[in-house]
Amino acid sequence: MSEYMSFATSRTTSAAFFDLDRTLISGSSAFTLAIQARKAGLISTWSFTKDAAGAIAFKLVGASDDTTDQVRARILSAVEGMRRNDLVALNAEILPRLIERVRPEAKRLLDRHHAAGRDTYIVSAAPQEIVEPLAQALGMTGGIGTRSELLDGVYTGDLNGPFCYGPGKVEAMAALAEWHHYDLSQCYAYSDSVSDLPMLEAVGHPVAVNPDAGLERRARRDGWPIVIFSERTKSVIRRSLSGAATVAVGGVGFAAGTRYGSTRRRRRRF
């Protein structure tokens, strides 16, 4: 049985994969976890301060230039020494806050993929214990997150399986595709970060969402759709250099802030 088998049965050959932070939701899920863990006395003030600084930087500029090893160390250290039951219990506080931050445009995309009969997944470096329940709460097919090793119910700070970041996301997606017979060339992927290039390159329909500078350059070079989800309004409007392009979602045209070409224009928020 595949490690990445979802909690829903698939009847389709296509799926849509969503990065979590700054894509499906605004901001950082790790910071939400840190806030609730600090309130519950599960992490120190020093650890929380570091998480807060990282969240502010993430809010302003998106993904950092950290190596995969640095990101992995940060994710694993966030739960090291914590009891699994305590982390799972935090979901009562964490999940409502994450659901509140799901971008309305992203929710409409989920609904359209579901209407088209397409499976949907969150793919994130965040802990599996948070990613999977969040996916369930949003009516998605499954959630793929980072699995940390447990010893006597306590997280050791080591991995238990692939790290769900960069190429690790593709490994997880490929395992799902094999298990559920997805054709990745017919699948969609959504992300804001250049660190997710492997994930976007693995599918036939990559979409850059509120992209950082590196991802925007790549999307413009290869003609990938770019969509800008606003945090200030509830609408999606068209924006492009040469007419609106369409991200086809199961026969329903979703035109949302697409842009092609090499000429830069000032971003418009909507």
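This report concerns the structure included in the present document. Remember, it's a predicted structure, so these values are computed and weren't measured experimentally.

**Some thoughts on the pairing of strand E3 (residues 142–146)**
For step 1, the next point in the chain: In terms of burial, E3 is a largely internal element, five of the five residues being buried.
For step 2, the next point in the chain: For strand E2 (residues 119–127) and E3, the ladder comprises four bridges, and the chain directions are parallel. Residue pairing across strands places Val123 opposite Ile144, the latter belonging to E3.
For step 3, the next point in the chain: Note on the crossover from E2 through helix H7 (residues 128–137) to E3: the handedness is right-handed.

**Some words on the pattern of salt bridges**
For step 1, the next point in the chain: Under the counting rule described, the total for this entry stands at nine salt bridges.
For step 2, the next point in the chain: With a shortest N-O distance of 2.8 Å, Lys107 and Asp111 are connected by a salt bridge. A residue pair is termed a helical-turn pair when its members lie 3 or 4 positions apart in one helix, as Lys107 and Asp111 do in helix H6 (residues 104–115) at four residues.
For step 3, the next point in the chain: Ionic pairing is found between Arg221 and Asp222, a salt bridge with its closest N-O pair at 2.9 Å.
For step 4, the next point in the chain: One salt-bridge network, held together by shared partners, links Glu201, Arg218, Arg221 and Asp222.

Conventions and cut-offs
Residues numbered from 1 in each chain as written. Predicted model: local features only at pLDDT ≥ 70, side-chain atom pairs only at ≥ 80, totals over all residues. Heavy atoms only, no water. Buried < 20%, exposed > 50% of the residue type's maximum accessible area, 1.4 Å probe, protein only. Helix = DSSP H or I, 4+ residues; strand = E, 2+ residues; numbered from the N terminus. Pairing = 2+ DSSP bridges. Right-handed = clockwise from strand over helix to strand, strands pointing away. Salt bridge = Lys/Arg side-chain N within 4 Å of Asp/Glu carboxyl O.

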